[in-house]
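Coordinates in review
Take a look at the letters that make up each chain.
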Amino acid sequence: MDGQTSFSLGPSSLTEALYESVRKRIVNGEIAPGEKLTEIRIAGEYSVARPTAKACLERLTALGLLRRTTHKTAVVPKLDEDDIRDLYFSRETVERAAVAALARTATVPQAAARAQAAMKAAAGDMAFASQVEADIAFHSALVAAVGSRRLSRMHEVILGEVHLTMGQFQAHRTTHPMNVVHEHDDILKAIGDGDPERAQQRLAHHLDQAQGRLLGQLRRERSEEASA
């Protein structure tokens, strides 16, 4: 297609590679809130068949990264304050259960430790995109390590929208990245010490800080729009 940017995919399965590429573009804000994504657009940009593009859009919609309009068009949603509060209420409920379960056996998941190491490296390099990916991997690893398929499925849906907030508001940029790293360290230490109550408290504090940054950024954007 004339004048259209073409995107290449990695060597993993085509559907998975397509999903990961589009997801990252949404999370990084390259595909903006309100922007429409159609099968034709995705198929053209990535040179894939429309059924493959459709499967990608359906998965992104199921995880909350896209929403269907009344005309069935997939659109990147813009989350408001009520959405963010509800999202973090749900997120804290699931993740508190996970860290408490891990702390009861003093089990620090290796995947969470690896994600934390990646987070520290990204924070040191001030690499925003890598920091976001490591942050999500850290929290995913905590829940996955519990071994509950149902808890993991709920968390996957929640993290889809968490990813969306990171791309839209880029609230990680409003605090020094090492602050988030230290909060993660506190959670892992409480788990390793076998202290479920402290693990939950550290997790709740961490998520409260994250929600506060998001709401603060949202209010700043509203104020700027009102004064423009």
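Residues numbered from 1 in each chain as written. Predicted model: local features only at pLDDT ≥ 70, side-chain atom pairs only at ≥ 80, totals over all residues. Heavy atoms only, no water.

As named in an unreviewed UniProt entry, the protein is GntR family transcriptional regulator, taken from Nonomuraea deserti.

1. Considering the environment of Ala106
By secondary structure assignment, the location of Ala106 is in the loop between helix H4 (81-104) and helix H5 (110-125). A C-alpha to C-alpha distance of 44 Å links Ala106 and Gly34, two positions 72 residues apart in sequence. Once residues within four sequence positions are removed from consideration, Ala106 is found in contact with Ile191, Gly192 and Gly194. (Helix = DSSP H or I, 4+ residues; strand = E, 2+ residues; numbered from the N terminus. Contact = heavy atoms within 4.5 Å.)

2. Digging into the nonpolar core
Within the largest apolar cluster, 35 residues are counted, with the highest numbers of intra-cluster contacts made by Ile84, Tyr88, Val99, Leu142, Val162 and Ile191. Here this core takes eight residues from H4, the largest share from any one element. Setting aside residues no more than four positions away along its own chain, Leu142 makes contact with Ala98, Val99, Leu102, Pro109, Ala112, Ile187, Leu188 and Ile191. With 21 residues, the next largest nonpolar core counts Ala43, Cys56, Leu63 and Ala74 among its residues. (Core = buried A, V, L, I, M, F, W, Y, C linked by side-chain atoms within 4.5 Å. Buried < 20%, exposed > 50% of the residue type's maximum accessible area, 1.4 Å probe, protein only.)

3. Points about the domain arrangement of the protein
Looking at the protein, the domain boundaries give domain 1 (14-75) and domain 2 (81-227). Between domain 1 and domain 2, the residue contacts involve 12 residues of the former and 14 residues of the latter. Broken down residue by residue, the surface that domain 1 buries against domain 2 is led by Val27, Asn28 and Leu63, which jointly contribute 44%. For the pair domain 1 and domain 2, the number of links is two salt bridges. A salt bridge links Glu133 to Arg23, with the nearest nitrogen and oxygen atoms 3.2 Å apart. For the interface between domain 1 and domain 2, the tally reads three residue pairs in polar contact (both at pLDDT 80 or more). Element by element, the count of residues in the side of domain 1 that touches domain 2 is highest for helix H1 (residues 14-27), at four residues. (Domains from an automatic or database assignment. Buried area = accessible area lost by both parts, 1.4 Å probe. Salt bridge = Lys/Arg side-chain N within 4 Å of Asp/Glu carboxyl O. Polar contact = N/O pair within 3.5 Å; in protein donor to acceptor, adjacent residues only side chain to side chain.)

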